Amino acid sequence: MSIFDRLISREPGGQERKAFHSIPYRRMFSELDESGGEARERYPGDEKTVEAFIRVLKEACRARHKKALDGVMPPIHAEARFFLSEDRMCAYGCLLPPENGGEGISLEKFLGDLHYEGVRYGVLQEDIPREFERGYLHIFPVARGKPPLAGEDGKVTELFQRRRNMRLEVQNGSEADFSRDVQLQPIRKGAVICLIRAPKAGSDGTDVTGQPLSPPQVFSARAPQGKNTELGRGGQALIAGTDGILYIENDLFCIHEQKIIDGSLDQFQGTLRISGNLYIGGNVDGGVEIEATGEIVINGAMGEARVTSSGGTIRVQRGIYGAAGKTVLRAAHQIQSPVVEWADIDAGTSVISETISNSAIRCGGTVYVMNGRGMIVDSLIQAGDSVLCLRVGNLAGGRSRFSVGYPPNLPETWKQLKGELAETQSTLDKLWDHVSALRRKGPRLSETERVLLEQLVEQRELYTQKREALTAELRTANQALNKKTKGRIRCEKLFPFLDVQIGRLSEEVITIEENCDIHVEENKIVLE
């Protein structure tokens, strides 16, 4: 039973409120301000509504006062005034007193007026009788609506870091930071990358007039699904569609397909051949042989092994600690390792390290040893461009050989061709001498000598063809070596001994030098 029913069912003849005699309107304003202050303090969230209601009530009081001044003042009955908040989520009431012998107001009429003003929901049935008893000019809430309950948008919880797609090959040595782990995230097929929470709808509310209020719209979360990823668990997870390296691109998680070996590789028999990229989480040792067509990352150290990347870069995160003739690396592009000891390295572009010792390095570009110790000791370096380091040699002495400025094998090939050509010409000269001597005998040649002459002539033709081929190759080599080169050797300190070769030119450094820049000027090797 509602408060309306309960109050109407009370015994009639209940004592009515006594007549309220006329009050000066300034006093009414004062009482309204006092009551409004109390309401604002009790209900701070309704402050604007209370203030607006006070202005409306004062205006009603002014209207009464104006009638009195005009001499028109019939009896004014007590009246219930109501006010709705701007959002209609609360309603306030106040009783204006009777004047000039007007009648009072009963609670039943107050509730009836509230009902017919359209306030039908959230009526404060327990509070209204108590507030009503406080009399006229008392401001109090009479109804409160139910706000809509906001739902929750869908949400993506990312379980992996957002790391960009990392290209192993870098432009110069300073970009390869061995002090930090390789910023790659290996992931297995089926691993969960993100959890995706579906949106949760809110619930409707109702204002004090009974009008339904819809909750804010909720939105589904956008799954950051990129290359080689897929939705699983009924759309509640983003999972890896293949083994590989996880990266972020255009705010989407993608996977660069790659073979992953979680631990060390040191017991494999035969040759491990991989089509694509390879990531090894541990060490490589024990004489294993690895061949991959793409990038190779060894997140540990490398010992005795042969590693070949026919189409990419090799990075060994913890260093190469090899053995003579048993540690070999071949890469179509770059080779990176903080330490290179007792290794045979051949890189298509450049080699980046912090220490190189007792190793043979060949590369089509530059050898960068500019960080850490920045040292090269007792090593053979053949670089198509330059060698840049902090230090060559050490206090104990030793010898290194650097060839720069031309394709790694060109100077040696040039020397070899010159030697072979000289040897071929010497053999031809001897053959000509023998042939000439036999031909001078004319008809006196024996059958044996005649057979020998034919053999010598045949050999002479073969050696003549060989000489022509060697001459052509040497001409090509000379043309390449005739081109000017910017290749150079730069280091802050150089200990003897260092054999330098730049094209056809060679020089031996036998003194300690500092801030060296070794290059070619006017067909001479210059040390500045």
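Here the structure is shown first, and the text comes after it.
Here the structure is a predicted model, which means the values were calculated and not measured. (Residues numbered from 1 in each chain as written. Predicted model: local features only at pLDDT ≥ 70, side-chain atom pairs only at ≥ 80, totals over all residues. Heavy atoms only, no water.)

Participant: Explanation requested: the overall build of the chain in the structure shown.
Facilitator: Scanning the chain from terminus to terminus reveals 7 helices and 37 strands. Here the C-alpha atoms of the chain give a radius of gyration of 49 Å, more than 25% beyond the 24 Å that 2.2 N^0.38 yields for 528 residues. With the C-alpha coordinates aligned to their principal axes, the bounding extent of the chain is approximately 170 × 50 × 40 Å. Per-residue burial for the chain yields a buried fraction of 43% across its 528 residues. Residue pairs in contact within the chain that sit at least 24 positions apart in sequence constitute 47% of those at least 6 positions apart. For the chain, the distance from the average site of its 68 positive side-chain charges to the average site of its 74 negative ones is 3 Å. (Helix = DSSP H or I, 4+ residues; strand = E, 2+ residues; numbered from the N terminus. Rg over C-alpha atoms; globule rule 2.2 N^0.38 Å. Buried < 20%, exposed > 50% of the residue type's maximum accessible area, 1.4 Å probe, protein only. Contact = heavy atoms within 4.5 Å. Lys, Arg positive; Asp, Glu negative; His and termini not counted. Charge placed at Lys NZ, Arg CZ, Asp CG, Glu CD.)

Participant: What is the right way to look at the packing of aromatic side chains in this model?
Facilitator: To describe a pair of aromatic rings, you give the distance between the ring centres and the angle between the ring planes. A full pass over the atoms with the stated rule returns 5 aromatic pairs. Where F53 meets F83, the ring centres are 5.6 Å apart and the plane angle is 20°; that geometry is what we call stacked. Residue F53 is found in helix 3 (residues 47-69), and its partner F83 is found in strand 1 (residues 79-84); the two are separated by 30 residues along the sequence. Residue F53 is classed as buried on the basis of its relative accessible area, which comes to 0%. (Phe/Tyr/Trp six-rings, centres within 6.5 Å; stacked < 30°, edge-to-face > 60°.)

Participant: Would you mind showing me how to read the packing of helix 6 (residues 410-440) against helix 7 (residues 447-482) here?
Facilitator: Each packed pair of helices is defined by two parameters, the angle between the axes and the distance between the axes. Axis separation between helix 6 and helix 7 bottoms out at 8 Å; the angle between their running directions is 155°. The angle between helix 6 and helix 7 falls in the class roughly antiparallel. Judged by the sense of rotation from one axis to the other, the crossing of helix 6 with helix 7 is left-handed. Considered class by class, the residues forming the contact of helix 6 with helix 7 number 19 nonpolar, 8 polar and 8 charged. (Axes fitted to C-alpha atoms, helices over the stretch in contact; angles between N-to-C directions. Parallel < 35°, antiparallel > 145°, perpendicular 65-115°, else oblique. Left-handed = near helix turned anticlockwise from the far one by under 90°. Nonpolar A, V, L, I, M, F, W, Y, C, P; charged D, E, K, R; others polar.)

Participant: What should I look at first to understand the state of the cysteines in this one?
Facilitator: Every disulfide links exactly two cysteines, by a covalent bond between their sulfur atoms. Under the defined criterion, the tally for this structure stands at 0 disulfides. With no disulfide of its own, C90 has C94 as its nearest cysteine by sulfur position, at a separation of 15 Å. For C90, a relative accessible area of 4% puts it in the buried group. No disulfide involves C516; its nearest neighbouring cysteine sulfur is the one of C491, lying 4.1 Å away. Looking at C516, the relative accessible area reads 3%, which means it is buried. (Disulfide = S-S within 2.5 Å.)

Participant: Explanation requested: the side chain of N277 in the structure shown.
Facilitator: Positionally, N277 belongs in strand 14 (residues 277-280). Within the structure, N277 has its side chain in polar contact with the side chain of H256 (distance 2.7 Å). (Polar contact = N/O pair within 3.5 Å; in protein donor to acceptor, adjacent residues only side chain to side chain.)

Participant: Looking at this structure, I do not really get empty space enclosed by the protein. What am I missing?
Facilitator: Here the idea is plain: a probe the size of a water molecule rolls over the atoms and shows the empty space left. Enumeration over the complete set of coordinates arrives at 1 cavity of 30 Å³ or more. Taken as a whole, the largest cavity spans an internal volume of roughly 50 Å³. D378, V392, G393, N394, G397, G398, R399, S400, F495, P496 and F497 together form the lining of the largest cavity. Of the residues contributing to the lining of the largest cavity, the split by class is 4 nonpolar, 5 polar and 2 charged. (1 Å grid on protein atoms, 1.4 Å probe; cavity = no way out; pocket = protein on both sides within 12 Å on 5 of 7 lines; lining within 4 Å. Points joined across faces, edges and corners; volume = space filled by probe spheres on them.)

Participant: How should I be thinking about the environment of A469 in this particular structure?
Facilitator: As for its placement among the helices and strands, A469 is situated in helix 7. For the pair A469 and P411, spaced 58 residues apart in sequence, the C-alpha separation works out to 18 Å.

Participant: I'm lost on the sheet that holds strand 9 (residues 229-232) in this one. Help?
Facilitator: Hydrogen bonds between backbone groups are what pair the strands of a sheet, and the pairing can be parallel or antiparallel. Spatially, 4-6-10-9 is the arrangement adopted by the 4 strands of the open sheet, whose pairing is antiparallel. The strands lining the two open edges of the sheet, one partner per strand, are strand 4 (155-158) and strand 9. Averaged over all pairs of adjacent strands, the angle between strand axes in this sheet comes to 25°, irrespective of strand direction. The pairing of strand 9 with strand 10 (residues 237-240) spans 4 bridges and is classified as antiparallel. Residue pairing for strand 10: E230 is matched across the bridge by I239. (Pairing = 2+ DSSP bridges.)

Participant: Even after reading the chapter, I still don't get the packing of helix 2 (residues 25-42) against helix 3, so can you show me in this structure?
Facilitator: For the pair helix 2 and helix 3, interaxial distance at closest approach is 10 Å and the crossing angle is 165°. Relative to helix 3, the element helix 2 lies roughly antiparallel. Between helix 2 and helix 3 lies a crossing whose hand is right-handed. Where helix 2 approaches helix 3, its residues Y25, M28, F29, L32, D33, G36, A39 and R40 are matched on the opposing element by E47, V50, E51, I54, L57, K58, C61, R62 and H65. Residues of the contact of helix 2 with helix 3, tallied by class, amount to 9 nonpolar, 2 polar and 6 charged.

Participant: What exactly am I supposed to notice about the side chain of T206 here?
Facilitator: By the element assignment, T206 lies in strand 7 (residues 205-206). Its relative accessible area of 16% is what places T206 among the buried residues. If we ignore the near neighbours within four places in the chain, the residues touching T206 are M89, Y121, G145, K146, Q211, P212 and L213.

Participant: So what exactly am I meant to see when it comes to the pairing of strand 23 (residues 344-347) here?
Facilitator: Successive side chains on a regular strand alternate, one facing one side of the sheet and the next facing the other. Alternating residues of strand 23 divide into I345 and A347, all buried, and D344 and D346, none buried. In this structure, strand 20 (residues 327-331) lies alongside strand 23, joined through 4 bridges in parallel fashion. Within the sheet, the bridge partner assigned to L329 lies in strand 23 and is I345.

Participant: Looking at this model, I keep getting lost on the pattern of salt bridges. Mind explaining?
Facilitator: In a structure, side chains of opposite charge can pair up when their charged atoms sit close to one another. What the rule picks out here adds up to 28 salt bridges. E59 is the salt-bridge partner of R62, the closest N and O atoms lying 3.4 Å from each other. Of this pair, R62 and E59 both sit in helix 3, 3 residues apart, roughly one helical turn. By relative accessible area, which is 49% here, E59 ends up partly exposed. With its nearest N and O atoms 3.3 Å apart, the salt bridge here joins E291 to R273. (Salt bridge = Lys/Arg side-chain N within 4 Å of Asp/Glu carboxyl O.)

No statement about biological role is implied by the geometric values presented.
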